[in-house]
Every structure is written in C-alpha cells, then in structure tokens.
Amino acid sequence: PDLLIIEPEKTGISIRQVRYGLIPELAYQPFESEFRVVILDPVDRMSPQASNCLLKTLEEPASRTVLILVTTQPQFLLPTIHSRAQTITFTGIPQDQIAEQLIRAGGVDADKARLAASFSNGSLAAALSFDIDGYRQVRSQAMKFASLLFRKGAFAELSILANALHKDKDKDNFSAWLDATELILQDLYYAHVSPQRMSQADIADDIQAMAQRIARADVLAAIREFKNLRRSLRFYVNRQIALEAIYLSLSGESG
C-alpha cells in the first residue's frame, strides 16, 4: 500500500494523473513501511503541463516520501525537473558479457548471441527473451530500405515501403523496424571506421559491400536524421512523410 507507480496512459503521463492521482496520495503518511515510494516510469513521457504541476511537490516533498523518476532519455526532461532531482545513473551489462552468458547458457550460437546482446540495452533478461528469428524478418525489410535510402532516383520505390510502414498501426512493429534500421546504419558507420565493432556478423559481408558505395558523411547524416525521427515519434507524426523527407534530405532530390 505504500508503493504508487505512475505509468503513461495512452500517449503519456497526464496532468490529471499527477494532480488527482499522485499529489493527493502524498498527503497521507506511510501505512506499513518507513517510507512511501512513488515511481514515475518513464518520466520523459510526462506532459509539460504534468511536469509543471509536479514541480512544487519535487521542491517540497512530503515527509517520509521518496519520489523516483525513471528515464532512459533524461535530455527530454524539463530543466526545472533536473534541478530538483538527484541523478543516479545505472549502467547496463556490457554486450560482450551478455553474449558470453547466452552462449554459456546453451542453445544460442555466437552470431545469435551477439545479435541478441546488441538489442539488450544492457539487460540480460531482454537478451534472453529476444526473438531472433522474428527480428531477422524485420531486418530484411530494414536492409532493403537502407539500400534505397542512399540510392539516387529511388524515391518512388522507397515511398512504397514507407507507405506500408505507415499503414501498419502496430507501434511495436514500427519500433522494431526502426531499431533494426538504426543498427544497420550503426554497422555501416563501423564498416568505415572500425569493422571489428560491427554487431551483426551474419550480414557483415552485405554491410561491408553497402558501405563501399556510401560515403561515411552520408551515413552519419542518416544516423542523425533517424535520431530526430525517433524523438519526433513522441508526438503524432506521419511515418511515410517523415521517411520520405529523410530520403529527400540525404539525396538532395526535390521530390
């Protein structure tokens, strides 16, 4: 009874959740434990209105109360939230250690272990539950898109793929595709500067062949564009238009 977890409803943590759910609860003292604990996870999904509503509570928290703000993207928090909180950083398990553990546990070869580790975000549990075969299907779509992204005159073909991604209403599917595309771009960059750091050994030859046709500066530009796209997805964005815009930006074509 002394633990309150605030999670996003639909698009994020709303001002209603903070004003009518969190703040009134803090008026009470702990029921059983020494402290009452409130967890907002992820706090970067909190609306600006909710963030402002929380400021006074963060500045003058109730006695015997601990508020824990969880985020993997602290850059999206308001500066006023940062200034009222103590930052505690938790680092993930290194990828090579996760891969070794997967191999040791049995049933996973080295290539699959490295691939699962690269998507684990430092979590062994995430690596153990990673759907490698499902990911490879998504990755094949991402590879086709990445090859078109750097090809002159490929707008029409790329637009067809972008339209299919836009029509898929399952956000998890698009998120998985985005993860796969960003990892391909990352490996394209490493193919230029440090091939031993490429994380997808099973398609290393294909990545190397693609890298020979693409300038490193273009790869870096694409990585930046996709980071911007990921940030914009916190709000409503037309996926097809966003992906077509990335292509036009990289190709210099007028559309």
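Overview of the structure.

Conventions adopted
Each chain has its residues counted from 1, running along the sequence as written. A pLDDT threshold of at least 70 governs which residues receive local features in this predicted model, and a stricter bar of 80 or more applies before side-chain atom pairs are shown or counted, although totals over entire chains, interfaces and linings include all residues. To get the side-chain values, take all heavy atoms of the structure and skip hydrogens and water. By the criteria applied, helices consist of DSSP H or I runs no shorter than four residues and strands consist of E runs no shorter than two, each listed in order from the N terminus. Two N or O atoms form a polar contact when they lie within 3.5 Å of each other; inside protein one atom must be a possible hydrogen donor and the other a possible acceptor, and for residues adjacent in sequence the pair counts only when both atoms belong to side chains. Any pair of residues with heavy atoms lying within 4.5 Å of one another is described as a contacting pair. Each residue is assigned to one of three classes by its accessible area relative to the maximum for its type, calculated with a 1.4 Å probe on protein chains only: buried under 20%, partly exposed between the two thresholds, exposed over 50%. Note that the arc is computed from the directions linking the helix axis to the C-beta atoms. Whenever a helix is involved, its axis is fitted only over the stretch in contact; in every case the axis is a line through C-alpha atoms, and angles between N-to-C directions fall within 0 to 180 degrees. Any angle between 65 and 115 degrees counts as roughly perpendicular, while under 35 counts as roughly parallel, over 145 as roughly antiparallel, and the rest as oblique. The sense of a crossing depends on the near helix, which, turned anticlockwise from the far helix by less than a right angle, makes the crossing left-handed and, turned clockwise, makes it right-handed. Classification convention: Asp, Glu, Lys, Arg as charged; Ala, Val, Leu, Ile, Met, Phe, Trp, Tyr, Cys, Pro as nonpolar; all other residues, Gly among them, as polar.

Mapped onto the elements of the fold, Gln 17 is located in helix 1 (residues 15–25). Polar side-chain contacts of Gln 17 include one of 2.9 Å to the backbone nitrogen of Ser 14. If sequence neighbours within four positions are ignored, Gln 17 has contacts with Ile 6, Glu 7, Glu 9, Gly 12 and Leu 22.

So, on to helix 1. Of the residues making up helix 1, those classed as buried are Gln 17, Val 18 and Leu 22. Down the axis, helix 1 shows its buried residues gathered within 85° of arc, on one side only. Contacts from the buried residues of helix 1 go to strand 1 (3–6), strand 2 (36–40) and helix 2 (48–59).

This next bit is on the packing of helix 8 (residues 155–167) against helix 12 (residues 239–251). Where helix 8 meets helix 12, the closest approach of the two axes is 8 Å, and the angle between their N-to-C directions is 150°. By the criterion of interaxial angle, the relationship of helix 8 to helix 12 is roughly antiparallel. Between helix 8 and helix 12 lies a crossing of right-handed hand. Contacts from Phe 155, Leu 158, Ser 159, Ala 162, Asn 163, Leu 165 and His 166 in helix 8 reach Arg 239, Gln 240, Leu 243, Glu 244, Tyr 247 and Leu 248 in helix 12. Looking at side-chain class alone, the contact of helix 8 with helix 12 contains 7 nonpolar, 4 polar and 2 charged residues.

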